[in-house]
Structure formats: C-alpha cells, structure tokens
Amino acid sequence: MTPSDLERVEVPPEPLADALGEFIDQTFPDTSVPVPVYLQTAQLCQRAAVDRYLASLPARVDVLDIGAAQGIFSRVLFDSRPFEHFTATWVDRDASAMDTGLRAAPFGAHVKRVPADLEDERWARMIRDEAFDCALIGLLHHHIGSSTYTRIIDVVIGQKLRSRGRLVAVELGAGLYQDGAPLQVVIDSISESIPDTIASFEPTIVGTQVTVPALNREFRIEYVCFAIDAVAVGR
Ligand SMILES: C[S@@+](CC[C@H](N)C(=O)[O-])C[C@H]1O[C@@H](n2cnc3c(N)ncnc32)[C@H](O)[C@@H]1O
C-alpha cells in the first residue's frame, strides 16, 4: 500500500486561540510542536473521523474508549450531536487522568473507568461482552507494542462490540516530531498491527493544520484513521 492508495481528507485550517499563547512553551521533547497544537489537531481529526465513520450511531449509545486518558475522544463524539443517552467505559492505566476527565465531562456521571494495563490481557475480563455500539482508540499505537495492538482490536471487534458495532481509531501519523518517521512508515507499522482476519483495511489520512497567531506559524500534523466493524464471532 502506498500513500497514493489512501483517501485523503483535509480539515480546514483553524486558528488556535491567542489565549493558548501562554502554553506555547510546553513542547514535546525533540520537537517544536506545542502541546496545545497537538491536542487541537488531534481533536479536529477525531471529529472528522466521527463524522465520517460514526454518523449512524443509535441515539442511545454505549461507548468503549481504549487508552482513554481524559476521555477526549469520547468527548469529541459526545459533542458531535445530541444523544438521548450517552454512557462510556474508559480503559487506561492512568487512573488519575481518567478521574480528571471524568470530572470535566458533561457525561461524567455515566462513565465507568477501568484502570488496567492493556499489555495484560486480563483487562478484557473487566469489561462486559457485546455491550458497546462503538469503540474508540485515540493516539495509542505509538504507546504500545504492535502485537498488543492487534490483540486489542481482536478482542474489541470479536467480543466487546454489539453486532452492528464499529471500532474507530485515530492514530498519530506524521508531523509531531521533527525527526519522526515519515508517514508511510507509520502507515506500514499500523497496517502490520491490523489482525490478519480483517479483509480490507482502508485507512484515511487526515491532514490537519493550525495557525498559532502568537507564534506567527502554521503547524501541519497528519493522522491515520480507520474503522473496523464488529466481527460475528460466536454470535
Ligand atoms: C496520547 S494518550 C491518548 C488519549 C486519548 N485516547 C485521546 O485520544 O486524546 C495515550 C494513553 O494511552 C495510555 N496507555 C499507554 N499504554 C498503555 C497501556 N499499556 N495500558 C493502558 N493504557 C495505556 C496512556 O496512559 C495514555 O493515557
């Protein structure tokens, strides 16, 4: 697969509020990209993925958010349209990030937090089977091993989703780290983590761009997004 085989989506440039200027000295190691820029582009991209892949969710929705941290991806989905009922289960080894996000989220009272290490397969036993309309994975691939990622996807699509459920993932592609891997290397690495049982893996590359007036600079970061439907295993 080459980048030219992939469909590309451009999210229009968004001005980053001047108010964020106070944070711009927070940068990732070995990169000049300020943290708020990364966070904003990630959320723009997650919104694009929600609009593209999760337009037909039911009005009452149960969400599984893997590597949720503060639950930003869940929140992007929640903000995308009015739901009649919105419940979420967040899995992350960082319990305090989940606590912070839970307090901030308007649906926080309907969040179940599951502190667990995704490298340890017992995490799956802490979550109900066939219970979720969608599963979200945001910015996790670069944190964990490829075989763990494969196993997570297998468990989610084969056990945790309802029969019409869908997994949507948004992974960091390129642009965050100055000397980071070129996009094609990242795509290949993610492709290799997709279970062999998935017949067609067709990611979308979402290009995001933010302007930071305080820095008089534009930042361009790309993300790899994909969706996988529930697999009928023993259903
Ligand atoms: C970049 S954050 C993703 C935040 C969120 N999903 C989003 O889209 O904004 C990555 C998260 O993955 C979690 N994580 C990384 N490795 C993990 C593991 N082995 N088990 C559980 N959580 C893990 C980290 O604690 C962190 O909160």
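Residues numbered from 1 in each chain as written. Predicted model: local features only at pLDDT ≥ 70, side-chain atom pairs only at ≥ 80, totals over all residues.

Per the secondary structure count, the protein includes five helices and nine strands. Traced from its N-terminal end to its C-terminal end, the protein shows the element sequence β-β-α-β-α-β-α-β-β-α-β-α-β-β. Within the protein, the proportion of its 235 residues that are buried is 40%. Counting contacts in the protein only where the partners sit at least 6 residues apart, residues at least 24 apart contribute 73% of the total. (Helix = DSSP H or I, 4+ residues; strand = E, 2+ residues; numbered from the N terminus. Buried ≥ 20, exposed ≤ 12 C-beta atoms within 10 Å, placed from the backbone. Contact = placed C-beta atoms within 7 Å.)

Let us now look at helix H5 (residues 183–192). If you check which residues of H5 are buried, you get Val186, Ile187 and Ile190. All buried residues of H5 fall inside an arc of 100 degrees around its axis, so they share one side. Along H5, exposed side chains directed more than 90 degrees from the buried face belong to Val185 and Glu192. Those residues of H5 that are buried lie in contact with strand S7 (161–174) and strand S9 (217–229). (Arc of directions from axis to C-beta.)

When S7 meets S9, the two strands line up antiparallel, connected through eight bridges. Within the sheet, the bridge partner assigned to Glu171 lies in S9 and is Val224. In this structure, the hairpin formed by strand S8 (residues 204–212) and S9 is closed by a connection of four residues, where Asn216 is found at a positive phi of approximately 55 degrees. (Pairing = 2+ DSSP bridges.)

Our focus in this paragraph is the site of the ligand. Close contacts around the ligand come from 18 residues, with Gly67, Ala69, Ile72, Leu118 and Gly138 the closest. Class assignment of the residues belonging to the shell around the ligand gives a composition of ten nonpolar, three polar and five charged. (Near = placed C-beta within 6 Å. Nonpolar A, V, L, I, M, F, W, Y, C, P; charged D, E, K, R; others polar.)

What follows is about helix H3 (residues 95–104). Those residues of H3 that sit buried are Met98, Gly101 and Leu102. Seen end-on, H3 carries its buried residues on one side only, within an arc spanning 105 degrees. Exposed residues lying more than 90 degrees from the buried face of H3 are Ser96, Arg103 and Ala104.

Before going further, it helps to examine the confidence of the model for the protein. For the protein, the mean per-residue pLDDT works out to 86, and 84% of the residues sit at or above 70. Note that pLDDT drops below 50 for residues 1–5; the model gives that stretch six contacts with residues more than four away or on any other chain. (pLDDT = per-residue confidence, 0-100.)

Inspection of the secondary structure assignment puts Ala104 in helix H3. Residue Ala104 is classed as exposed on the basis of its C-beta count, with 12 C-beta atoms lying within 10 Å.

With that settled, consider the packing of helix H1 (residues 35–53) against helix H2 (residues 72–80). Running from N to C, H1 and H2 point in directions that differ by 55 degrees, and their axes come no closer than 9 Å. On the basis of the axis angle, H1 is oblique to H2. Note on packing geometry: the crossing formed by H1 with H2 is right-handed. Contact residues: Gln43, Gln46, Arg47, Val50 and Asp51 in H1; Ile72, Phe73, Val76, Leu77 and Ser80 in H2. (Axes fitted to C-alpha atoms, helices over the stretch in contact; angles between N-to-C directions. Parallel < 35°, antiparallel > 145°, perpendicular 65-115°, else oblique. Left-handed = near helix turned anticlockwise from the far one by under 90°.)

Moving on to unusual backbone geometry. Although it is not a glycine, Ala69 sits at a positive phi angle of roughly 50 degrees. Within the element layout of this structure, Ala69 appears in the loop between strand S3 (60–66) and H2. Given 18 C-beta atoms within 10 Å, Ala69 falls into the partly exposed group. Positioned with a positive phi, Glu130 is a non-glycine residue whose angle comes to about 45 degrees. Relative to the elements of secondary structure, Glu130 occurs in the loop between strand S5 (111–115) and strand S6 (132–138).

All right, on to the nonpolar core then. In globular proteins that are soluble, nonpolar side chains generally tend to be buried together. Formed by 65 residues in total, the largest nonpolar core has its most connected members in Cys45, Ile66, Ala135, Leu136, Val156, Leu167 and Cys225. If you tally residues by element for this core, the top one is H1, at nine residues. (Core = buried A, V, L, I, M, F, W, Y, C linked by C-beta atoms within 7 Å.)

Let us look at the pairing of S3. For S3, the buried fraction is high: five of the seven residues fall into the buried class. Relative to strand S4 (residues 85–92), S3 runs parallel, the two sharing seven bridges. In the strand pairing of S4, Val63 is matched with Ala88. With H2 bridging S3 and the parallel S4, this β-α-β connection has right-handed handedness. With four bridges joining them, S3 and S6 adopt parallel strand pairing. Bridge assignment links Leu64 to a residue of S6, and that residue is Ala135. (Right-handed = clockwise from strand over helix to strand, strands pointing away.)

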